[in-house]
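The chain contents come next:
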Amino acid sequence: MSDCDFTRRTGITNLVIAFVAAVAIACGEPFTRTNPYDPNVPVKVVVTGPDTLFSAFEVGTFVAQTDPPFADSAIHWGSGSNTTPGRTVTAVNAGPPLWPQTVTGVVVAGIGLYDTTLSLGSATIQTEMFRHTGFKTVVYTQRITHIALRCPDDHACDTVSAGGTWSVWVDGLDAHNQKIYALVGALKNPLTGTPIAVFSVRDPSIASISPIGIRASTVTALRPGATWIMATRDSLLDSLRLIVR
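Sequence order as written defines residue numbering, which begins from 1 separately in each chain. Reporting in this predicted model follows two pLDDT cut-offs: at least 70 for local features of residues, and 80 or more for side-chain atom pairs to be given and counted; totals over whole chains, interfaces and linings ignore these cut-offs and use all residues. Each side-chain value is worked out from all heavy atoms of the structure, with water and hydrogens disregarded.

What follows deals with the pairing of strand β13 (residues 216-221). The pairing criterion is simple: DSSP has to find at least two bridges between the two strands. Helix numbers and strand numbers start at the N terminus; a helix is a DSSP run of H or I with at least 4 residues, a strand a run of E with at least 2. Judged from the five bridges that link them, strand β10 (residues 165-174) and β13 form a sheet pairing that is antiparallel. Following the sheet pairing, W166 is matched in β13 by V219. Bridge count for strand β12 (residues 207-212) against β13 is six bridges, and the pairing is antiparallel. Opposite I209, over in β13, you have V219 as the bridge partner. Linkage of β12 to β13, two consecutive antiparallel strands, is achieved through a turn of three residues, within which G213 is found at a positive phi near 65°.

Below, the structure written as structure tokens:
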């Protein structure tokens with residue numbers, strides 16, 4: 001082959017290579033990764049929703065957005081066998097502790113659900129995991145917005161003689177008018193824990209008061225007269241009229 005033939009053929013080949021390279025540069029990678037099951041696919045999952053649920057059985061709605069976008073059916077919530085498909089999910093504030101106590105949970109949305117085997121010490125379990133996940137931390141609690149005194153089954157108390165005693169109780173409701181979850185029974189009164197309210201007597205010369213547990217107090221009548229038994233919780237207040245014979 002002559003030098004001219006070699007030059008002509010090499011020149012054509014170089015032009016082809018240069019054209020292919022130019023097309024690749026102009027069009028980007030021709031085989032872009034889009035499979036959500038591929039761990040190398042750059043998928044961002046962002047979960048939005050309420051930061052705190054303050055009432056018992058309050059429902060919070062959470063939304064997942066992905067970048068790049070995927071169909072709603074590709075998004076799953078939770079893990080293991082408790083996955084729920086869709087772009088939105090709800091969480092219920094079931095069994096919350098009384099404010100200021102809180103518990104923290106995590107709402108998880110994932111893309112690319114797959115089966116796997118995990119080793120737990122000497123045992124192995126079959127479970128499901130996500131290739132890509134997004135998280136939202138949620139605080140669960142029950143914040144009381146209304147308190148009410150009773151004595152012990154009614155909002156009014158009977159007249160008591162000097163030297164006699166009786167008990168007063170306090171109930172609480174949250175913003176959704178749900179009773180305190182931890183105190184299911186009307187007479188449930190744990191001896192330890194954060195008090196539902198602070199009890200006091202407006203005129204301590206007529207009666208004295210001694211707390212019992214977190215929601216009740218014993219009132220002792222000291223002398224004839226009329227006064228008020230009061231209960232306060234932060235800015236909340238309720239009172240009962242007391243008449244001593």
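As a further point, take the sheet that holds β10. Spatial strand order, β9-β10-β13-β12: four strands in an open sheet with antiparallel pairing. Edge strands, defined here as strands with exactly one partner in the open sheet, are β9 (144-150) and β12. Neighbour to neighbour, the strand axes of the sheet diverge by 25° on average, direction disregarded. Axes here mean lines fitted to C-alpha atoms, for a helix over just the part in contact, with angles spanning 0 to 180 degrees between N-to-C directions.

This next bit is on the confidence of the model for the protein. As a per-residue quantity, pLDDT reports the predictor's confidence and falls between 0 and 100. Summary statistics for the protein give a mean pLDDT of 84 and a share of 83% for residues scoring 70 or more. Mean pLDDT in the protein bottoms out at helix α1 (residues 3-27), which sits at 48, and peaks at strand β2 (residues 52-53), which reaches 98. Every residue in residues 14-26 scores below 50 in pLDDT, and together they form zero contacts with partners more than four places removed in sequence or on other chains. Contact between two residues is taken to exist if any of their heavy atoms lie within 4.5 Å; hydrogens are not considered.

Here we take up unusual backbone geometry. Residue P68 is bonded to the preceding D67 through a cis peptide linkage, with omega at 5°. Relative to the assigned elements, P68 resides in the loop between β3 (59-67) and β4 (75-77). Following W99, the chain continues into P100 via a peptide bond in cis, with omega recorded as 15°. Counting through the fold element by element, P100 comes out in the loop between β6 (88-92) and β7 (103-120). Of note, N177 is a non-glycine position whose phi angle comes to about 60°, a positive value. Relative to the elements of secondary structure, N177 occurs in the loop between β10 and β11 (198-201). The classification of residues rests on relative accessible area computed with a 1.4 Å probe and restricted to protein chains. Under 20% of the type maximum is buried, over 50% is exposed, and intermediate values are partly exposed. Looking at N177, the relative accessible area reads 60%, which means it is exposed. Located in the positive-phi region is D234, a residue other than glycine, with phi close to 55°.

What follows concerns the sheet that holds β4. Judged by pairing direction, the sheet is mixed, and its five strands sit side by side in the order β2-β8-β7-β4-β5 without closing on themselves. Whereas interior strands pair on both sides, the edge strands pair on one side only; in this sheet they are β2 and β5 (84-85). With three bridges connecting them, β4 and β7 associate as antiparallel partners. Pairing of I75 across the sheet is with I111, part of β7.

With respect to the helices and strands, the residue H76 is situated in strand β4. Overall, the relative accessible area of 18% leaves H76 in the buried class. Contacts of H76, omitting those with residues within four sequence positions, involve T83, T84, P85, V108, A109, G110, L113 and F130.

The next subject is the packing of aromatic side chains. Working definition: rings of Phe, Tyr and Trp (its six-membered ring) pair if their centres are within 6.5 Å, and the pair is stacked with planes under 30 degrees apart, edge-to-face with planes over 60 apart, and tilted otherwise. If you walk through the whole model with that rule in mind, you get two aromatic pairs. For the pair F54 and W99, a centre-to-centre distance of 6.5 Å together with 65° between the ring planes defines the contact as edge-to-face. In this pair, F54 sits in the loop between β2 and β3 while W99 sits in the loop between β6 and β7, placing the two residues 45 residues apart along the sequence. Take F54: its relative accessible area is 26%, and that puts it in the partly exposed class. Each ring, one from F57 and one from Y181, has its centre 5.9 Å from the other, and the planes form 70°; the classification is edge-to-face.

In this structure, D72 sits in the loop between β3 and β4. As for D72 and G86, which are separated by 14 residues in sequence, their C-alpha atoms are 4.8 Å apart. The residues touching D72, leaving out its near neighbours within four places in the chain, are G86 and R87.

Residues F57, V59, V92 and Y181 make up a contiguous nonpolar surface patch of roughly 360 Å² in combined accessible area. With respect to the helices, strands and loops of the structure, F57 is situated in the loop between β2 and β3. F57 sits in the partly exposed class, given a relative accessible area of 43%. Think of a patch as exposed residues, more than 30% relative accessible area, with no salt bridge, where like charges cluster within 9 Å and nonpolar side chains (Val, Leu, Ile, Met, Phe, Trp, Tyr) cluster within 5 Å. Surface accessibility follows the Shrake-Rupley procedure with a 1.4 Å probe radius. Residue values consider only the protein chains on display as shielding. Basic side-chain nitrogens of Lys or Arg form a salt bridge, by our definition, when they fall within 4 Å of a carboxyl oxygen of Asp or Glu.

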